[in-house]
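Fold and geometry: a report
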Amino acid sequence: MLALPWGMRVEPGSGWTTLIHRRWKGSDTRDVPVRRAKAVLGVGNMNDWQRKSPLDWETYVNKMVKVAAIEKHEYEGWVLTVDPVSASIVLATFLENEKVSISVVLGHAVQEVEILKEGDDEMKQRLSCIFAPEESKAYSPEELEKRKNKLKTWLETNHIPVTEQEREL
């Protein structure tokens, strides 16, 4: 049993916290239980999903899953990642017109995760590009020179030292 200084006592393994009132009778001190409550936070309340390791969660990445969550909610999608701190699952669902819907199922709400389908190389590529920046625009040499000069002018206007070496700032 772990006694806490602010009037609570935790009984290991039970998940219960006892609120206590300390009574003094002469030189004798006794803790009198006032109320017992189920612990709200702590390792004792982690679900099976939250207890998994990051290596376990990694096996779900790039797979189509069905997530059963609290209050009978169900989510389906491709697993992009699992947050290693909160155990939250980031799911991607592909909609019409190449649009993507992103959902996050919070780790504490996850009750069960069922793998529905393995991702092939094409799907892995699609998933990896969701948050990737668009390809950089190709500028003509004239446009690059114009943009470089504009940047140089701005830097000089704002009293930021700039030098040009072999066509680079």
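Let me begin by describing the structure that accompanies this report. (Residues numbered from 1 in each chain as written. Predicted model: local features only at pLDDT ≥ 70, side-chain atom pairs only at ≥ 80, totals over all residues. Heavy atoms only, no water.)

**Concerning the nonpolar core**
Heads up, the rule is: Nonpolar cores are built from buried Ala, Val, Leu, Ile, Met, Phe, Trp, Tyr and Cys residues. Side-chain atoms within 4.5 Å join them into one set. For the exposure calls, accessible area comes from a 1.4 Å probe over protein chains only, and a residue counts as buried if that area is under 20% of its type's maximum, exposed if over 50%, partly exposed in between. A run of H or I in DSSP becomes a helix once it reaches four residues, and a run of E becomes a strand once it reaches two; helices and strands are each numbered from the N terminus. The contact criterion used throughout is that any non-hydrogen atoms of two residues lie within 4.5 Å.
In this structure, W49, V67, I89 and V113 are the most contacted members of the largest nonpolar core, which totals 15 residues. Sorting the residues of this core by element identifies β5 (63-69), β6 (74-82), β7 (89-94) and β9 (110-118) as the ones contributing at least two each. Counting residues per element, this core draws most heavily on β5, at 3 residues. Apart from the residues within four sequence positions on either side, I89 is in contact with W49, V67, V79, T81, V82, S103, V104, V105, V110 and V113. Listed in part, the 7 residues of the second largest apolar core include M64, W78, L80 and A92.

**Some words on the side chain of S88**
Worth spelling out the cut-off: Think of a polar contact as two N or O atoms within 3.5 Å of one another; within protein, one of them needs to be a possible hydrogen donor and the other a possible acceptor, and neighboring residues in sequence only count if both atoms come from side chains.
Along the chain, the position of S88 falls in the loop between β6 and β7. Accessibility expressed as a relative area gives 6% for S88, which makes it buried. A distance of 3.2 Å separates the side chain of S88 from the backbone nitrogen of G107, its partner in a polar contact. Setting aside its immediate chain neighbours within four residues, S88 contacts T81, V82, D83, V104, V105, L106 and G107.

**Thoughts on the sheet that holds β7**
Convention followed: Any two strands between which DSSP finds at least two bridges are classified as paired. Comment: axis = line fitted to C-alpha atoms, over the contacting stretch for helices; angle = value between 0 and 180 degrees taken between N-to-C directions.
One open sheet accounts for 5 strands, arranged β8-β7-β6-β5-β9; its pairing is antiparallel. Pairing within the sheet leaves two strands with one partner each, and these edge strands are β8 (100-105) and β9. Each neighbouring strand pair of the sheet contributes to a mean axis angle of 45°, computed without reference to strand direction. Sheet topology note: the β6/β7 ladder contains 4 bridges and is antiparallel. Residue pairing across strands places V82 opposite I89, the latter belonging to β7.

**Digging into the pattern of salt bridges**
As a reminder, the rule being used: The salt bridge criterion pairs a side-chain nitrogen of Lys or Arg with a carboxyl oxygen of Asp or Glu, the two atoms within 4 Å.
Counted according to the given criterion, the structure contains 5 salt bridges. Its salt-bridge partner being D48, residue R51 comes within 3.2 Å of it at the nearest N-O pair. Of this pair, R51 and D48 both sit in helix α1 (residues 48-51), 3 residues apart, which is roughly one turn of that helix. Given a relative accessible area of 48%, R51 falls into the partly exposed group. For D48, a relative accessible area of 59% translates into the label exposed. Among the salt bridges present, the one from K148 reaches E164, with a minimum N-O distance of 2.6 Å. Taken together, the positions of K148 in helix α4 (residues 141-157) and E164 in the segment after α4 put the pair 16 residues apart, joining distant regions of the chain. K148 sits in the buried class, given a relative accessible area of 11%. One network of salt bridges, in which partners are shared, links E145, K148, K152 and E164.

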